[in-house]
Amino acid sequence: MKYFRYILVLSFCWTFGGCYYDKEEELYPTVECSVENLSFQTDILPIIESNCYSCHDAANNFGGITLEGYNQLKVYINNDQLVGAIKHESGFSPMPKNTAPLLECEIEKIEAWISSGALNN
Ligand code: HEC
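Scope of this entry: the structure provided in the associated data block. These figures come from a predicted structure and were not determined experimentally.

1. Concerning the coordination of the iron atom of the ligand
Here's step 1: The protein atoms donating to the iron atom of the ligand are His56 (NE2) and Met95 (SD), with metal-donor distances spanning 2.0 to 2.2 Å.
Here's step 2: Geometry at the iron atom of the ligand is octahedral, judged from its six donor atoms and the angles of 86 to 178° they form at the metal. Taken as a pair, His56 in helix H2 (residues 40-56) and Met95 in the loop between helix H4 (81-86) and helix H5 (104-115) lie far apart in primary sequence, 39 residues in all.

As structure tokens, then:
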């Protein structure tokens, strides 16, 4: 009887946990996006690496644009092209090219990191 209850609780947690996890984005779209204390290395670089390096690393510098490494990325932050491109603002080529835009939260993180000084942290 004791075991039965244990299994019941366990499977309940499992099921509930699963549902909660699936719907989390829908239920709390903004709570999920933390824009506090962002770090270039752990928060920003992974977004750029996985969405932009296929065309803009040093080897594949499509359009003559390399975003690999902080110093290179900084060039396109300073001239406002990076934000213009990822926010699909008029006058800029929408990026990433020919695919869905970055997630809202990824854009928010990049903007927050830039407005706090775009530090190489
Ligand atoms: C599939 C290839 C591809 C991907 C992925 C891609 N780009 Fe580009 N990007 C290009 C090409 C090609 C150009 C040259 C302009 C054009 O053809 O639109 C360009 C141009 C740019 C420019 C200059 C924009 C302008 O208005 O002149 C910036 C900034 C840029 N990319 C940033 C990014 C960022 C940031 C990402 C990732 C979020 C990204 N790109 C992903 C291919 C790509």
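More follows now that the structure is in view.
2. A word on the state of the cysteines
Note on terminology: a disulfide is the covalent bond linking the sulfur atoms of two cysteines.
Here's step 1: According to the stated counting rule, one finds one disulfide in the structure shown.
Here's step 2: With a sulfur-sulfur separation of 2.2 Å, Cys33 is cross-linked through a disulfide to Cys105. Between Cys33 and Cys105, the S-S torsion sits near 95°, and that sign places the bridge as right-handed. Of the two residues, Cys33 sits in the loop between helix H1 (2-27) and H2 while Cys105 sits in helix H5, which places them 72 residues apart along the sequence.

3. Overview of the environment of Pro94
Here's step 1: Examined against the element boundaries, Pro94 turns out to sit in the loop between H4 and H5.
Here's step 2: Classification of Pro94 as partly exposed rests on a relative accessible area of 44%.
Here's step 3: Residues Pro94 and Val83, spaced 11 residues apart in sequence, show a C-alpha to C-alpha distance of 9.9 Å.

4. A look at the site of the ligand
Here's step 1: Taken together, 18 residues lie near the ligand, and Cys52, Cys55, His56, Ser93 and Met95 sit nearest.
Here's step 2: Take His56: an N or O atom from its side chain is 2.7 Å from a nitrogen atom of the ligand.
Here's step 3: Contact distances for the ligand include 2.9 Å between an oxygen atom and a side-chain N or O atom of Lys97.
Here's step 4: If you list the elements that add at least two residues to the shell around the ligand, you get H2 and H4.
Here's step 5: With five residues, the single largest contributor to the shell around the ligand is H2.
Here's step 6: Split by residue class, the shell around the ligand holds 11 nonpolar, six polar and one charged.

5. Side note on the nonpolar core
Here's step 1: Formed by 21 residues in total, the largest nonpolar core has its most connected members in Phe40, Ile48, Leu67, Leu73, Leu82, Ile110 and Trp113.
Here's step 2: Per-element tally for this core: the top contributor is H2, with seven residues.
Here's step 3: Those residues in contact with Leu82 that sit more than four places away from it in its chain are Leu67, Leu73, Tyr76, Ile77 and Ile110.

6. Describing helix H3 (residues 70-78)
Here's step 1: Listed in full, the buried residues belonging to H3 are Tyr70, Leu73, Tyr76 and Ile77. Looking straight down H3, one finds its buried side chains confined to an arc of 125°; they lie on one side. Turned more than 90 degrees from where H3 packs its buried face, Asn71 and Asn78 sit exposed.
Here's step 2: Phi for Asp80, located one or two positions after H3, is positive at around 70°.

7. Details of the packing of H2 against H5
Here's step 1: As a packed pair, H2 and H5 sit with axes 11 Å apart at the nearest point and diverge in direction by 130°. The orientation of H2 relative to H5 falls into the category oblique. The interaxial crossing formed by H2 with H5 has left-handed handedness. The segment H2 lies against H5, with Phe40, Ile44, Ile47, Ile48 and Asn51 engaging Glu106, Lys109, Ile110 and Trp113.
Here's step 2: Within the contact of H2 with H5, the residues separate by chemical class into six nonpolar, one polar and two charged.

Basis of the calculations
- Residues numbered from 1 in each chain as written.
- Predicted model: local features only at pLDDT ≥ 70, side-chain atom pairs only at ≥ 80, totals over all residues.
- Heavy atoms only, no water.
- Donors = N, O, S within 2.8 Å, 3.2 Å for Na, K, Ca; no water.
- Tetrahedral: all angles 85-135°; square planar, octahedral: opposite > 155°, others 65-115°.
- Helix = DSSP H or I, 4+ residues; strand = E, 2+ residues; numbered from the N terminus.
- Disulfide = S-S within 2.5 Å.
- Buried < 20%, exposed > 50% of the residue type's maximum accessible area, 1.4 Å probe, protein only.
- Near = heavy atom within 4 Å.
- Polar contact = N/O pair within 3.5 Å; in protein donor to acceptor, adjacent residues only side chain to side chain.
- Nonpolar A, V, L, I, M, F, W, Y, C, P; charged D, E, K, R; others polar.
- Core = buried A, V, L, I, M, F, W, Y, C linked by side-chain atoms within 4.5 Å.
- Contact = heavy atoms within 4.5 Å.
- Arc of directions from axis to C-beta.
- Axes fitted to C-alpha atoms, helices over the stretch in contact; angles between N-to-C directions.
- Parallel < 35°, antiparallel > 145°, perpendicular 65-115°, else oblique.
- Left-handed = near helix turned anticlockwise from the far one by under 90°.

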